[in-house]
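# Topology and contacts: notes
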Amino acid sequence: MTGGTHREAGPQGLASALVAGGALSSDWLPSFKAVPRELFVPDRIWPGIADGTGQNPAVSRSQDPEAWRRAVHSDIPLTTQWDDGDHEGDGLGTTPSSSNSMPTMVFSMLRDLDVHPGDRVLEIGAGTGWNAGLLAHRLGGRNVVTVEFDPDVARGARRNLDRAGLGPTVIEGDGRLGWAEGAPYDRVIATCSLLEIPPAWLEQTSPGGIILAPFGTEYGGEQIVRLTVHDDGSGASGRFTRGSAFMRLRQQRTDRPPFADYLHGREWPADGVRSLTTLAPPETGGWFEQFVIGSGVPGTFWRAERYEDGAYTLWLYSRDTLSWASVDHERGRTEYEVYQSGPRRLWDEVAATYRWWAGRGRPGYERFGLTVTPYGQYVWLDTPDNPVPQQ
């Protein structure tokens, strides 16, 4: 099994690795010890790979307890559900839909959350309940509310928390709505990625409070954002703290229409406008590059059609099915054939945003931030008055 750094297959080995890596701080160490991860992991899991590049086969505690224990005490994510619970058997499903997150990410986000005694915390996405359990140990169960949309997952989290002797409130419901009965909250933390920060979270967070969430773009890429709610409660603003790769909030998943919907009965590429570009598609394909592009090119997503010789076609689509583009990449070429159709020139937009970013020295996540207002949200570079240009 490929995994993160660990010195021994046990909680002490995992703790040592997390402390050495800077994720587990001294103030969270007592909670780590008091709320064992193994109490929040089901019998059957699919261990992930630390860098997010793949998924290992299922491991069963009853059939191979040593492998199960080794996975639980490794710094890796553990998939606990596929395909919203529709998947059965030990094989891999199509899409992971619930997990016990990678410990490095769990404790890095808890450090970013910066809780203090007496704080009330709203968590969106209970998962197995481990994160809520850590917060409940630190703050007391009465100060922690966790909301989970999936009924089976919510029941499992509640069982795990009860077995651990912890008492946060577990709510089965739509995480976008928060839980007004427990408001106001000093901190809100999401363990699922978002395309938009729900207005209810701002309304339920005290002025000066923190909202911490994985924030992605429809095009791709994702970063953790730490927002501070404005004193008048009208919005929130803050910087990104690190990269991430969480499962999307179910109500914010986006449809991916088939390519035929974009042709509207016409033959490809009859109505496509042909041009050439010197910008190689691989340059725009990195995780952070996708995030920057998605920030400047809204309502757009991509697919790659790959061929045996290593060549591929990058397809770009607008969510409204009115515009599309294709870019053919072949090794050894310095110019690449582009076709674009529809009211938007999607490749031109992607290339313009990429060149805007490259022209500023390819800044990393630490220079970017997000502002949320009653009228929308936007990503900015360095300061809120310098938004990423919209193409």
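Since we're looking at a predicted model, the values are computed, not measured. (Residues numbered from 1 in each chain as written. Predicted model: local features only at pLDDT ≥ 70, side-chain atom pairs only at ≥ 80, totals over all residues. Heavy atoms only, no water.)

## A word on the environment of Pro199
Rule in force here: For the purposes of this entry, the term helix denotes a DSSP run of H or I that reaches at least four residues, the term strand denotes a run of E that reaches at least two, and both are numbered from the N terminus. The cut-offs for exposure are 20% and 50% of the maximum accessible area for each residue type, with area from a 1.4 Å probe on protein chains only; residues under the lower value are buried, those over the upper are exposed, and the others partly exposed.
Tracing the backbone shows Pro199 in helix H7 (residues 199-203). Among the residues examined, Pro199 registers a relative accessible area of 58% and is labelled exposed. Along the chain, Pro199 and Leu276 lie 77 residues apart, while their C-alpha atoms are 43 Å from each other.

## Focus on the sheet that holds strand E14 (residues 312-318)
Definition in use: Note on pairing: two strands pair once DSSP finds at least 2 bridges between them. Only the stretch in contact is used when a helix axis is fitted, and all axes are lines through C-alpha atoms; the angle between N-to-C directions ranges over 0 to 180 degrees.
Reading across the sheet, the five strands line up as E12-E16-E15-E14-E13 and stay open at both edges, with antiparallel pairing between neighbours. In this open sheet, the two edge strands, each paired with only one partner strand, are strand E12 (273-277) and strand E13 (300-306). Each neighbouring strand pair of the sheet contributes to a mean axis angle of 20°, computed without reference to strand direction. Where strand E15 (residues 324-329) lies against strand E16 (residues 336-341), four bridges are found, and the strand directions are antiparallel. What sits directly across from Ala325, in E16, is Gln340.

## Brief notes about empty space enclosed by the protein
Applied cut-off: The way it works is a 1 Å grid over only the protein atoms, where trapped points that fit a 1.4 Å probe form a cavity and open points with protein on both sides within 12 Å along at least five of seven lines form a pocket, and then any residue with an atom within 4 Å of a point lines it. Grid points are joined across faces, edges and corners, and a volume is the space filled by probe spheres set on the points. Here the nonpolar group is Ala, Val, Leu, Ile, Met, Phe, Trp, Tyr, Cys and Pro; Asp, Glu, Lys and Arg are the charged ones; every other residue, Gly included, is treated as polar.
Under the definition given, this model contains one cavity of 30 Å³ or more. The calculated volume of the largest cavity comes to roughly 40 Å³. What lines the largest cavity is simply Pro11, Leu14, Phe32, Val35, Pro36, Arg37, Glu38 and His73. A per-class count over the lining of the largest cavity returns five nonpolar, one polar and two charged.

## Comments concerning the pattern of salt bridges
The criterion, for reference: Salt-bridge detection follows one rule: a side-chain nitrogen of Lys or Arg within 4 Å of a carboxyl oxygen of Asp or Glu.
Going through the model one piece at a time under the given rule, you end up with 16 salt bridges. Glu66 serves as the salt-bridge partner of Arg70, at 3.9 Å between the closest nitrogen and oxygen. Here Arg70 pairs with Glu66, and both are found in helix H3 (residues 65-72), just four residues apart, close to one helical turn. Taking relative accessible area as the criterion, Arg70 reaches 32% and is therefore assigned partly exposed.

## With respect to the layout of surface pockets
Considered as a void within the structure, the second largest pocket measures approximately 480 Å³ in volume. Elements with a contribution of two residues or more to the lining of the second largest pocket: strand E1 (44-47), strand E3 (78-82) and helix H6 (151-163). Looking at the lining of the second largest pocket element by element, the count peaks at seven residues for H6. When the residues that make up the lining of the second largest pocket are grouped by side-chain class, the tally is seven nonpolar, nine polar and four charged.

## Thoughts on the confidence of the model for the chain
Operational definition: As a per-residue quantity, pLDDT reports the predictor's confidence and falls between 0 and 100. Here a residue-residue contact requires only that any non-hydrogen atoms of the pair lie within 4.5 Å.
In this model, the chain carries an average pLDDT of 93, and 97% of its residues clear a pLDDT of 70 or more. Across residues 1-8, where pLDDT falls below 50, the model places 27 contacts with residues more than four positions away in sequence or in other chains.

## Some words on helix H9 (residues 287-296)
Helical geometry note: an α-helix holds 3.6 residues per turn, so side chains three or four residues apart project in the same direction. Along H9, eight of the 10 residues are buried, which leaves the element largely enclosed by surrounding structure. For H9, the set of buried residues is Phe288, Gln290, Phe291, Val292, Ile293, Gly294, Ser295 and Gly296.

## Brief notes about the packing of H9 against helix H10 (residues 346-358)
Applied cut-off: We call a crossing left-handed when the near helix sits turned anticlockwise from the far one by less than a right angle, and right-handed when that turn is clockwise.
Between H9 and H10, the shortest axis-to-axis distance is 9 Å and the interhelical angle comes to 115°. The two elements H9 and H10 meet at a crossing, and its hand is right-handed. Residue-level contacts link Phe288, Glu289, Val292, Ile293 and Gly296 of H9 to Val350, Thr353, Tyr354, Trp356 and Trp357 of H10. Tallied by class, the residues present in the contact of H9 with H10 amount to seven nonpolar, two polar and one charged.

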